[in-house]
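Residues per chain, in single letters:
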Amino acid sequence: AMWNLQFISGVAGHEYCHKIRRFSRQVVEESNLVAPGDEEEGGTKRYYVTHKEEDGYVSMKLSDYIAYLDKRAAALQLVATVRNENGSHPDNPKTQNDEGIGRQIQEDKVE
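Residues numbered from 1 in each chain as written. Predicted model: local features only at pLDDT ≥ 70, side-chain atom pairs only at ≥ 80, totals over all residues. Heavy atoms only, no water.

**Some details on the overall build of the protein chain**
When you go through the protein chain residue by residue, the secondary structure sums to two helices and two strands. Each helix (α) and strand (β) of the protein chain, taken in turn from the N terminus, gives the series α-β-β-α. Counting every position in the protein chain, which comprises 111 residues, the buried fraction comes to 16%. The contacts in the protein chain between residues at least 6 apart in sequence include a share of 66% that link residues at least 24 apart. About 8300 Å² of surface is accessible on the protein chain, with carbon and sulfur atoms providing 49% of the total. (Helix = DSSP H or I, 4+ residues; strand = E, 2+ residues; numbered from the N terminus. Buried < 20%, exposed > 50% of the residue type's maximum accessible area, 1.4 Å probe, protein only. Contact = heavy atoms within 4.5 Å. Areas by Shrake-Rupley, 256 points an atom, 1.4 Å probe, with all protein chains shown as cover.)

What follows is the structure in structure tokens.
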């Protein structure tokens with residue numbers, strides 16, 4: 001396990017990567033789904049999360065990218081915890097309003 005992110009950051013963290021791709025998170029409604037028993041109500045709306053690649057690339061030092069990955073993992077874990085506490089799925093929203101649960105996180109909570 002010599003090749004971990006901390007080792008890479010220490011050896012090549014000062015190097016720049018110029019082709020880091022960017023993505024935006026989108027909640028998409030699945031249309032025309034009818035759950036069993038809901039035929040007379042016109043169906044049940046269901047949502048899923050997808051990620052769309054944005055145009056262009058971002059340049060940053062490898063050490064900064066690794067720090068971003070660590071911070072992102074901590075933020076996603078906090079979102080999952082808050083969503084579980086609210087009875088929501090940790091990844092996919094049940095409703096459009098469900099998407100915001102846990103995403104308005106104070107920056108100081110993510111270390």
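**Quick look at the confidence of the model for the protein chain**
With 79% of its residues at a pLDDT of at least 70, the protein chain reaches an overall mean of 80. For the protein chain, per-element mean pLDDT is lowest for strand E1 (residues 16-30), which scores 87, and highest for helix H2 (residues 62-85), which scores 89. (pLDDT = per-residue confidence, 0-100.)

**Description of the side chain of Ser88**
Structurally, the position occupied by Ser88 is in the segment after H2. With residues up to four places along the chain from it excluded, the contact list for Ser88 reads Arg83, Lys94, Asp98 and Ile101.

**Re the packing of aromatic side chains**
Across all of its chains, the model carries two aromatic pairs by this definition. For the ring pair Trp3 and Phe7, a centre distance of 5.2 Å and an interplane angle of 85° mean the geometry is edge-to-face. Taking relative accessible area as the criterion, Phe7 reaches 27% and is therefore assigned partly exposed. (Phe/Tyr/Trp six-rings, centres within 6.5 Å; stacked < 30°, edge-to-face > 60°.)

**Here's the deal with the environment of Phe23**
Inspection of the secondary structure assignment puts Phe23 in strand E1. Along the backbone, Phe23 and Asp55 are 32 residues apart, and their C-alpha atoms lie at a distance of 8.8 Å.

**As for H2**
For H2, which comprises 24 residues, the first-to-last C-alpha distance of 35 Å matches the rise-based estimate of 34 Å (1.5 Å per residue) to within 8%. Among all positions of H2, only Leu62, Ile66, Val79, Ala80 and Arg83 are buried. Where the residues of H2 are buried, they touch helix H1 (5-12), E1 and strand E2 (46-61). Two residues or fewer past H2, Gly87 is found with a positive phi of approximately 80°. (Expected span 1.5 Å × (residues − 1).)

**Quick word on the environment of Asp91**
On the secondary structure map, Asp91 appears in the segment after H2. Linking Asp91 and Tyr48, residues 43 residues apart in sequence, is a C-alpha distance of 8.7 Å. The contacts of Asp91, once residues within four sequence positions are left out, are Arg25, Val49 and Arg83.

**Focus on the packing of H1 against H2**
Axis separation between H1 and H2 bottoms out at 8 Å; the angle between their running directions is 155°. In terms of orientation, H1 lies roughly antiparallel with respect to H2. As for how H1 packs across H2, the hand of that crossing is left-handed. Of the residues in H2, those in contact with Leu5, Gln6, Ile8, Ser9 and Ala12 of H1 are Leu62, Ser63, Ile66, Leu69 and Asp70. A class-by-class count of the residues in the contact of H1 with H2 yields six nonpolar, three polar and one charged. (Axes fitted to C-alpha atoms, helices over the stretch in contact; angles between N-to-C directions. Parallel < 35°, antiparallel > 145°, perpendicular 65-115°, else oblique. Left-handed = near helix turned anticlockwise from the far one by under 90°. Nonpolar A, V, L, I, M, F, W, Y, C, P; charged D, E, K, R; others polar.)

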